[in-house]
Amino acid sequence: MPAVTVPDITVLPRIIEPDPVVARQRAVLQLTTAPSGYEGEGFPVRRAFAGALLEDLDPFIHLDQMGEVEYAPGEAKGTPWHPHRGFETVTYMLDGVFEHSDSNGGGGVITNGDTQWMTAGAGILHIEKPPEWLVSQGGLFHGFQLWVNLPRDQKLAQPRYQDIRAGEVSLASSPDGGALVRVIAGEVSGHRGPGSTYTPMTLVHATLSPGARMVLPWRADYNALAYVLAGRGTIGAEDRPAQLGQLAVFGPGNALTFAADALQDAPSPALDVLVLGGRPIREPVAWMGPFVMNTREEVIQAFDDYRAGRLGTVPAAHAIASVHGTPNALQETRSAD
């Protein structure tokens with residue numbers, strides 16, 4: 001899991017841990033295990049948010065861990081062209097290569113440690129796929145895709161695309177140098193990531209060496225989630241054991257604690273954790289497939305607009321494919337006021 005690494009972690013700026021006298025450690029309210037499934041044209045994913053309540057995830061909607069899989073020649077798969085409206089997709093590659101194209105002319109190729117941040121807003125068509133050389137040769141593929149909700153007054157914002165290179169993320173270490181912290185968006189202990197967000201949020205990828213312990217300061221007005229991408233360790237004030245494929249939902253507080261087991265399994269030499277949180281939007285959510293809106297009527301309108309071609313046009317060089325997404329049925333929820 002290379003993502004972004006450094007030859008000498010001791011030269012990085014350090015995370016300033018909260019004063020233990022005034023820090024309010026967040027406890028783990030829920031620990032869930034992601035079920036496995038398939039997305040797009042058939043690439044394997046872990047549904048990281050399965051089992052958690054939308055109101056606990058707010059402002060996030062959906063998270064897939066894509067892979068980790070070693071493709072044989074001819075096996076690599078992507079998605080067909082499909083629409084989105086009402087939210088943002090954040091795709092972060094750990095290993096392998098993914099190509100993105102959209103109906104606004106945005107897109108590019110992302111590889112180890114790169115992020116593509118697409119604001120669907122009012123509506124866009126896009127496609128994600130491995131490059132032809134990866135399909136023919138095979139190779140390692142591992143990453144994640146996060147869906148970030150947009151507030152009601154920004155649901156129909158102009159679509160945009162951010163291409164965030166691995167070298168642009170903010171890097172820091174724990175005070176003892178045992179953990180590498182990559183800040184992709186938001187801010188932690190004065191270290192700000194390059195991602196520009198409509199919804200106030202923070203997104204961090206942390207790697208803890210065996211036996212390392214780390215305390216992250218965390219905004220009290222943000223919720224807090226942690227998903228284990230690899231390895232084993234403990235999470236939260238009560239040192240709750242967690243491993244690959246598990247999501248922790250935290251309670252209130254302003255500090256998050258993580259620790260890596262001294263002994264790790266051979267395929268995972270360290271504890272890798274995706275830490276994310278944001279200011280809850282607390283608005284109704286109506287979600288069906290690729291559309292995340294506030295009401296059922298708005299979702300129906302999104303489908304009508306898609307069928308009428310009002311969400312964009314697939315470039316002539318590409319074939320139009322059908323709508324895809326998850327889940328298959330309309331979800332309507334109302335967050336607490």
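Residues numbered from 1 in each chain as written. Predicted model: local features only at pLDDT ≥ 70, side-chain atom pairs only at ≥ 80, totals over all residues. Heavy atoms only, no water.

**Some remarks on the packing of aromatic side chains**
The following threshold applies: Aromatic pairs are defined between Phe, Tyr and Trp rings, using the six-membered ring for Trp, whenever the two ring centres lie within 6.5 Å; interplanar angles under 30 degrees are classed as stacked, those over 60 as edge-to-face, and all others as tilted. Numbering of helices and strands runs from the N terminus, with a helix taken as a DSSP run of H or I at least four residues long and a strand as a DSSP run of E at least two residues long. Relative accessibility under 20% of the residue-type maximum defines a buried residue, over 50% an exposed one, and the middle range a partly exposed one, all with a 1.4 Å probe and only protein chains included.
Throughout the structure, instances matching the rule amount to 7 aromatic pairs. Ring centres of Tyr71 and Phe141 lie 6.1 Å apart, and the angle between their planes is 40°; on these two criteria the pair is classed as tilted. With Tyr71 in strand β4 (residues 60-71) and Phe141 in strand β11 (residues 139-149), this residue pair connects regions lying 70 residues apart in the sequence. Phe141 shares its class with Tyr71; the two are buried. Seen from their ring centres, Phe291 and Phe303 are 4.7 Å apart, and the 90° between their planes marks the pair as edge-to-face. Taken together, the positions of Phe291 in strand β26 (residues 291-293) and Phe303 in helix α3 (residues 296-307) put the pair 12 residues apart, joining distant regions of the chain.

**Some details on the environment of Ala206**
So the rule is basically this: Contacts are residue-level and defined by heavy atoms, with any inter-residue pair within 4.5 Å sufficient.
Note that Ala206 resides in strand β17 (residues 201-208). Distance in space between the C-alpha atoms of Ala206 and Asp176 is 14 Å, their sequence separation being 30 residues. If sequence neighbours within four positions are ignored, Ala206 has contacts with Leu180, Val181, Arg182, Met214, Leu271, Asp272 and Val273.

**Description of the sheet that holds strand β3 (residues 43-47)**
Note the threshold: We call two strands paired when DSSP finds no fewer than two bridges between them. A fitted line through C-alpha atoms represents every axis, and for helices the fit uses only the stretch in contact; the resulting angles, taken between N-to-C directions, go from 0 to 180 degrees.
Taken in spatial order, the 7 strands of this open sheet run β2-β3-β4-β11-β6-β9-β12, and their pairing is antiparallel. Since the sheet does not close on itself, it has two edges, and those belong to β2 (36-39) and β12 (160-164), each with one partner. Taking the axes of each pair of neighbouring strands and ignoring which way they run, one obtains an average angle of 25° across the sheet. Both β2 and β3 contribute to a ladder of 4 bridges, which runs antiparallel. Considered in β3, the bridge of Tyr38 is made with Pro44.

**Concerning the pairing of β2**
Judged by which residues are buried, β2 turns out to be one-sided: Gly37 and Glu39 face inward and are buried, whereas Ser36 and Tyr38, on the alternate face, are not. Here β2 folds back onto β3 in antiparallel fashion, the turn holding 3 residues, of which Gly40 has a positive phi close to 60°.

**Quick word on the side chain of Thr257**
To keep it simple, the criterion reads: Under this definition, polar contacts are N or O atom pairs within 3.5 Å; protein pairs additionally need one hydrogen-donor-capable and one acceptor-capable atom, and for neighbouring residues in sequence, both atoms have to be side-chain atoms.
With respect to the helices and strands, the residue Thr257 is situated in strand β23 (residues 255-260). Within polar-contact distance, the side chain of Thr257 engages the side chain of Gln25 at 2.6 Å.

**A look at the nonpolar core**
Quick reminder of the rule: Residues belong to one nonpolar core when they are buried, are Ala, Val, Leu, Ile, Met, Phe, Trp, Tyr or Cys, and are joined through side-chain atoms within 4.5 Å.
Ranked by size, the top nonpolar core spans 40 residues in total, and within it Phe49, Leu146 and Leu203 carry the most contacts. Beyond its immediate chain neighbours, meaning those up to four positions away, Leu146 contacts Phe49, Phe60, His62, Leu63, Glu88, Thr89, Val90, Met201 and Leu276. In terms of nonpolar packing, the next biggest core, distinct from the first, is built from 28 residues, Val183, Ala212, Ala224 and Val228 among them.

**Quick look at the pattern of salt bridges**
Note the following rule: When a carboxyl oxygen of Asp or Glu is within 4 Å of a side-chain nitrogen of Lys or Arg, the pair counts as a salt bridge.
A full pass over the atoms with the stated rule returns 12 salt bridges. The salt bridge involving Asp114 is made with Arg165; its shortest N-O contact spans 3.1 Å. With Asp114 in the loop between β8 (107-110) and β9 (115-119) and Arg165 in the loop between β12 and β13 (170-173), this residue pair connects regions lying 51 residues apart in the sequence. What makes Arg165 partly exposed here is its relative accessible area of 29%. With a shortest N-O distance of 3.7 Å, Asp265 and Arg232 are connected by a salt bridge.

**Description of the confidence of the model for the protein chain**
To keep it simple, the criterion reads: For every residue, the predictor states its confidence as a pLDDT score lying anywhere from 0 to 100.
Per-residue confidence for the protein chain gives a mean pLDDT of 89, with 93% of residues at or over 70. Low pLDDT, under 50, characterises residues 318-329; the predicted model gives this stretch 32 contacts beyond four residues in sequence or across chains. Considering only residues more than four positions removed or in separate chains, one finds that residues 333-337, a stretch of pLDDT under 50, has 9 contacts.

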